[in-house]
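Report on the structure
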Amino acid sequence: MNTGTGRQPKTALGSMAATAALAVLAAEPGSATEIGGERAMPVHLQDGEEFRQPLRHLIRHGERLFSAAWTVQDGAGRPLSKGTGDPLSDPGAPLVFPRNFNRVSAPDSNACAGCHNRPRPGGGGDIVANVFVLGQRFDFATFDGIDTVATRGTADELGRPRTLQNIANERSTLGMFGAGYIEMLAREMTADLQAIRDSVRPGSSAALATKGVDFGVLARSPDGRWITSEVQGIPGASLVPDGSVAPPSLIIRPFHQAGRVVSLREFSNNAFNHHHGIQTTERFGSGIDADGDGLADELTRADVTAVTLFQATLPAPGRVIPRDSTFELAIAMGERLFREIGCDQCHRPTLTLSPAGRTFSEPNPYNPAGNLRRGDAPELLVDLAGAQLPPPRLRPGRDGAVEVPAYTDLKLHDMCDGEDDPNAEPLDMQAAPGSRAFFAGNCRFLTRKLWGVASEPPYFHHGKFTTLREAVLGHGGDGRRSREAFEALDAGDRDAVIEFLKSLQVLPPGTRALVVDEHGRPRPLPRSPHRP
């Protein structure tokens, strides 16, 4: 450019130079962004990098993935596929604007932390963050009465129109704090149950028990066929029909409120596709655009490892007990009453991890197909008691074992007083979609982990109870006896039980002690009072 003075305009030249420099920076590997780019995650880990990254960097990358608000430039959305990963029933009506989001059939969220955010990323969610589990088998839920195409917008697998009340199971968003300990407990329980299974000879039976939890009886007929009708509290996906030649896997599935998911990794692979339309290479394949959005390799294996470790290393929940004698007494009395009325029969105060169990490993040895499995990549190990992990951590005892105060037995229980109980779900996620059992509904749920419960309202599997008291009074089926015992307490004792539950909280970031006062200062547990 010539201005007629024989001089180049310095401002323009400087601007061009700056733009060029920025363009170079944006093109460099590991750069934070690119000019005009609107990707939530411009930088991904390449497979193999997860083994060379410092652990804190790997976890930080996982946190960024968990909190990323995905855009179409990242691969968000799935124009030609359902949240199950199957092709649309009607590919002629792709899920593009204005059909790119749907609160029932999904995609329904921009970020994992869009739902898992209470009290901070990784936690539970408000009622607005409820998920419509199994709604994702539909293309785009419309409730249009004249639509008869199966699983397109209204009609189910049998061609029957569905409503908001029965198209899916409405579930609250649970928190992931302490999830690494939970997954390792489930792995150890699975190994114990499988060892018992392998000891059962034709014509014999054995009690299935692990970590003090009774799962019923497994038997074999004289000709060696398996009999699982007396097995209790194990998901249907981990069992086989009576008379089967193949043995049941007996895998404990600690994630999803009806016990359907084996690991944090499987949970993540499912959720990225279902909720965001982001496909992982280990589930959908490398170089494959499985959803027709023009992008492939939207999340690498290394990315999924990072986001799994972020969740697995989230701090353990703890206790908040005010330094007020009235509240101290109420909490201590409520904890004792919690045991006396039988709540601890299912909400077991602690389960014990062996010394080896405190080491979280990726991948989970029980992962199903479509997820990273042993032998697919080197194993990655993380000591859950490691000082570099976000506190508070559960500390091993002198024998190296870790007591996990999660208040659960990781077992399925019937929580309904009959099929007309409003807490019953319309669909059974353990059964094949479209089958008679699928439409028979569900009343069996994993015992809710109570650690951190007071920090993650609303309550119950559907999230429709705003108080802990409502949740206690909502117990039916296997929980009815304890509910009735709670109802029989005098008002002061009922209040004490609620005050105890209110003490189970996710602690503020950086808190190192597992028991603190209202100001976050470490304190001992108050002594339990004795009845006169």
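Before going into details, it helps to say that this report is about the structure given with it. (Residues numbered from 1 in each chain as written. Predicted model: local features only at pLDDT ≥ 70, side-chain atom pairs only at ≥ 80, totals over all residues. Heavy atoms only, no water.)

If you trace the three strands from one edge of the open sheet to the other, you get β3-β4-β5, paired in antiparallel fashion. Either end of the sheet is taken by a strand with one partner, and the two such strands are β3 (205-210) and β5 (226-227). With two bridges connecting them, strand β4 (residues 213-220) and β5 associate as antiparallel partners. Bridge pairing in β5 places Arg220 opposite Trp226. In the packing of helix α3 (residues 179-199) onto the sheet, the strands contacted are β3, β4 and β5, and the crossing angle to β3 comes to about 165°. (Pairing = 2+ DSSP bridges. Helix = DSSP H or I, 4+ residues; strand = E, 2+ residues; numbered from the N terminus. Contact = heavy atoms within 4.5 Å. Axes fitted to C-alpha atoms, helices over the stretch in contact; angles between N-to-C directions.)

A few words now on the packing of helix α7 (residues 325-340) against helix α11 (residues 491-502). Remark: α7 packs on α11, axes separated minimally by 7 Å, with the N-to-C direction vectors making an angle of 95°. Between α7 and α11, the interaxial angle falls into the category roughly perpendicular. On α11, the residues touching Phe327, Ala330, Ile331, Met333, Gly334, Glu335, Leu337 and Phe338 of α7 are Asp493, Ala496, Val497, Glu499, Phe500 and Leu501. Considering only residue class, the contact of α7 with α11 consists of 10 nonpolar, one polar and three charged. (Parallel < 35°, antiparallel > 145°, perpendicular 65-115°, else oblique. Nonpolar A, V, L, I, M, F, W, Y, C, P; charged D, E, K, R; others polar.)

What the three strands build is an open sheet, ordered β13-β6-β14; its pairing is mixed. The open sheet has two edge strands with one neighbour each: β13 (504-505) and β14 (515-516). Pairing of strand β6 (residues 318-320) with β14 involves two bridges; the strand directions are parallel. Directly across from Arg319, in β14, lies its bridge partner Val515.

Okay, unusual backbone geometry next. Here the bond from Glu362 into Pro363 is cis, since omega is 5°, no more than 30 degrees from zero. With respect to the helices and strands, the residue Pro363 is situated in the loop between β8 (359-362) and β9 (380-383). With omega at 0°, the peptide bond leading from Pro457 into Pro458 counts as cis. Assignment of secondary structure puts Pro458 in the loop between β12 (444-446) and α9 (468-473).

Taking 1.5 Å of rise per residue, 13 residues should cover 18 Å, and helix α2 (residues 55-67) covers 18 Å from first to last C-alpha, within 8% of that figure. Taken residue by residue, α2 has Leu55, Leu58, Ile59, His61, Gly62, Leu65 and Phe66 as its buried positions. The buried residues of α2 occupy an angular sector of 155° when the element is viewed end-on, so they sit on one face. Along its buried surface, α2 packs onto α4 (264-276), α6 (301-312) and β9. (Expected span 1.5 Å × (residues − 1). Buried < 20%, exposed > 50% of the residue type's maximum accessible area, 1.4 Å probe, protein only. Arc of directions from axis to C-beta.)

This structure, assessed with the given rule, holds 31 salt bridges. Here Lys211 and Glu188 are joined by a salt bridge, their closest N and O atoms 2.7 Å apart. You can see Lys211 sitting in the loop between β3 and β4 and its partner Glu188 sitting in helix α3, a full 23 residues away along the chain. Judged by its relative accessible area of 24%, Lys211 falls in the partly exposed class. Look at the salt bridges and you will find they share partners, linking Asp417, Arg480, Arg483 and Glu487 into a network. (Salt bridge = Lys/Arg side-chain N within 4 Å of Asp/Glu carboxyl O.)

Tallied over the full model, the rule gives eight aromatic pairs. With centroids separated by 6.1 Å and ring planes inclined at 80°, the aromatic side chains of Trp70 and Phe272 adopt a geometry described as edge-to-face. Here Phe272 lies in helix α4 and Trp70 lies in the loop between α2 and β1 (131-133), a separation of 202 residues in the sequence. Of the residues examined, Trp70 reaches a relative accessible area of 4% and is grouped as buried. On the basis of relative accessibility, which here comes to 1%, the residue Phe272 falls in the buried class. Considering the side-chain rings of Tyr407 and Phe500, the 5.9 Å spacing of their centres and the 65° angle between planes classify their relative orientation as edge-to-face. Taken together, the positions of Tyr407 in the loop between β10 (402-404) and β11 (412-414) and Phe500 in helix α11 put the pair 93 residues apart, joining distant regions of the chain. Here Tyr407 matches Phe500 in class, with each residue buried. (Phe/Tyr/Trp six-rings, centres within 6.5 Å; stacked < 30°, edge-to-face > 60°.)

Core analysis: the biggest nonpolar cluster contains 64 residues, and Trp70, Tyr181, Leu208, Phe215, Ile252, Val404 and Trp451 have the highest contact counts within it. Looking at this core, the element that brings in the most residues is α3, giving nine residues. Residues in contact with Tyr181, not counting those within four places in the same chain, are Ala316, Leu353, Leu384, Arg393, Leu394, Val402, Val404 and Trp451. (Core = buried A, V, L, I, M, F, W, Y, C linked by side-chain atoms within 4.5 Å.)

Glancing now at α4. With 13 residues, α4 should cover 18 Å at 1.5 Å per step; its first-to-last C-alpha distance of 17 Å lies within 8% of that length. Across the 13 residues of α4, 12 count as buried, placing the element largely inside the fold. Turning to α4, its buried residues number three or more, namely Leu264, Arg265, Glu266, Phe267, Ser268, Asn269, Ala271, Phe272, Asn273, His274, His275 and His276. The inward-facing, buried residues of α4 abut α2, β1, α3, α5 (281-284), α6 and β8. Positive backbone phi, at 75°, marks Gly277, one or two positions downstream of α4.

This part takes up the environment of Pro405. Positionally, Pro405 belongs in the loop between β10 and β11. In this structure Pro405 comes out as partly exposed when scored by relative accessible area, which is 25%. The spatial distance from the C-alpha of Pro405 to the C-alpha of Thr352 is 8.8 Å, given a sequence separation of 53 residues. Beyond its immediate chain neighbours, meaning those up to four positions away, Pro405 contacts Pro349, Thr350, Leu394 and Trp451.

Shape descriptors only; they carry no functional weight alone.
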